[in-house]
Amino acid sequence: MSEDSRPLIAAVLGWPIEHSKSPLIFAHWFAETGIAGSYKRIAVEPGAFAATLDQMIQAGFRGANVTLPHKLTALAAADRASPAAQSIGAANTLVIDPSGEVFADNTDAFGFIESLRAGAPDWRPQAGPALVLGAGGAARAVIHALLDAGVDQVRLANRTLAKAEDLAAHFGARVVPVAWNERSSASAGAGVIVNTTSLGMTGQPPLELTLDNAPGGAVVTDIVYVPLETPLLAAARSHGFVAVDGLGMLLHQARPGFRAWFGRDVAVTPALRHAVLAGA
Ligand code: ATR
């Protein structure tokens, strides 16, 4: 890759894309590293993904982050894929090599686990089962990350039980579907509790979850980051649990792309958090 003469350009692709925070993250890292790179925001209509990717390859882009609704299409469009992307069934990071070959990765699982470890350094996968709320795309990355980290059992509660059952069938016997109205009792013994639903987001109802059954030392984390302090996290803190907000996952998932495209390791710092929050 040392002979790579392509410009230092990557992008984020989605529809809609105006609200993506990724350009703020990359702008911060360009300033911090002194790398004169460029990170574009590209609106890609549903159906236009493959054509856009071809144009990017021709233009010498080094890769892209991919967000809704293109994460499945991105995996299908790639020549090769990481085990994480294959297991999760979606890609959020594409790396284009100088010959134009496209490698698909999914760094959401990495982002989740890095954020959890940074925010709850005492958490151990052996602390007990995980309770995951929600069974959408984000849940797939979270479940992959927890199993990969060595959590024995993931209890998966979802309003639509059939979707939890589908994910349990996909990931195997370590994932146990839980009916939505059993979610509070399923927190008994849990080492970590993760909200992957949209509940608690600004404009949505809060996630109703009783934490009385959770053991002391449990970690509660949310993938929602608007607001940063969701009602779930506030309740967790008031019960004395360690609470980890959802911004960390967003920031950490961007690190592998920066490394792959621009050749430098970058960190999630308080300054990055402030920059992204200030740009909201
Ligand atoms: P993402 O890809 O971000 O995970 P998603 O695939 O739309 O988004 O999944 C949203 C999740 O939030 C789902 O688990 C959804 O439950 P259903 O599978 O039953 O739809 C959950 N969710 C959304 N609104 C909810 C609500 N009002 N009550 C309970 N769960 C809700």
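Rules of the game
Residues numbered from 1 in each chain as written. Predicted model: local features only at pLDDT ≥ 70, side-chain atom pairs only at ≥ 80, totals over all residues. Heavy atoms only, no water. Phe/Tyr/Trp six-rings, centres within 6.5 Å; stacked < 30°, edge-to-face > 60°. Helix = DSSP H or I, 4+ residues; strand = E, 2+ residues; numbered from the N terminus. Buried < 20%, exposed > 50% of the residue type's maximum accessible area, 1.4 Å probe, protein only. Lys NZ or Arg CZ within 6 Å of the ring centre and 35° of its normal. Domains from an automatic or database assignment. Contact = heavy atoms within 4.5 Å. Buried area = accessible area lost by both parts, 1.4 Å probe. Core = buried A, V, L, I, M, F, W, Y, C linked by side-chain atoms within 4.5 Å. Near = heavy atom within 4 Å. Areas by Shrake-Rupley, 256 points an atom, 1.4 Å probe, with all protein chains shown as cover. Nonpolar A, V, L, I, M, F, W, Y, C, P; charged D, E, K, R; others polar. Pairing = 2+ DSSP bridges. Axes fitted to C-alpha atoms, helices over the stretch in contact; angles between N-to-C directions.

Overall, the coordinates contain 11 aromatic pairs when judged by the stated rule. Considering the side-chain rings of F26 and F30, the 6.4 Å spacing of their centres and the 55° angle between planes classify their relative orientation as tilted. Of this pair, F26 and F30 both sit in helix 1 (residues 22–33), four residues apart, which is roughly one turn of the helix. Side by side, F26 and F30 carry an identical accessibility label, which is buried. When the ring of F26 is compared with that of Y39, the centres are 4.0 Å apart and the planes differ by 5°; the resulting orientation is stacked. In this pair, F26 is assigned in helix 1 and Y39 in strand 2 (residues 38–43), connecting sequence segments 13 residues apart. The class for F26 is buried, based on a relative accessible area of 0%. Under the relative-accessibility criterion, Y39 is labelled buried at 11%. Three or more aromatic residues joined by ring pairs form one cluster here, namely F26, W29, F30, Y39, F258, W261 and F262. Above the face of the W180 ring, R183 is positioned so that its terminal group lies 4.4 Å from the ring centre.

Each assigned domain of the protein is listed with its residue range as follows: domain 1 (3–107 + 254–278) and domain 2 (109–248). Averaged C-alpha coordinates put domain 1 and domain 2 at centres separated by 27 Å. Residue-level contacts link 11 residues of domain 1 with 14 residues of domain 2. Across the domain 1 to domain 2 interface the summed buried area is about 1000 Å²; carbon plus sulfur atoms make up 58%.

The biggest cluster of nonpolar side chains holds 33 residues, and the ones touching the most others in it are F112, W123, I143, L146 and V154. Elements supplying a minimum of two residues to this core: helix 4 (83–88), helix 5 (108–119), strand 7 (130–133), helix 6 (137–149), strand 8 (154–158), helix 7 (161–171) and strand 10 (192–195). The element contributing the most residues to this core is helix 6, with seven residues. Built from parts of two domains, this core gets at least three residues from each of domain 1 (3–107 + 254–278) and domain 2 (109–248).

Our focus in this paragraph is the site of the ligand. By nearness alone, 14 residues border the ligand, and A135, N158, R159, T160 and K163 come closest of all. Considered on its own, the ligand offers 650 Å² of accessible surface; in the complex 69% of this is hidden by protein. Its residues placed into classes, the shell around the ligand shows four nonpolar, eight polar and two charged.

The six strands are arranged 2-1-3-5-6-4 in an open sheet whose pairing can be described as mixed. Because the sheet does not close on itself, it has two edges, and the strands there are strand 2 and strand 4 (80–81). Here strand 5 (residues 93–96) pairs with strand 6 (residues 102–105) via four bridges, running antiparallel. When the bridges of strand 6 are listed, V95 appears paired with F103. Across the sheet, helix 1 lies against strand 1 (9–14), strand 2 and strand 3 (63–66), angled at about 170° from strand 2, the strand it touches most. Here helix 10 (residues 255–262) sits on the sheet in contact with strand 1, strand 2, strand 3 and strand 5, set at roughly 5° to strand 5.

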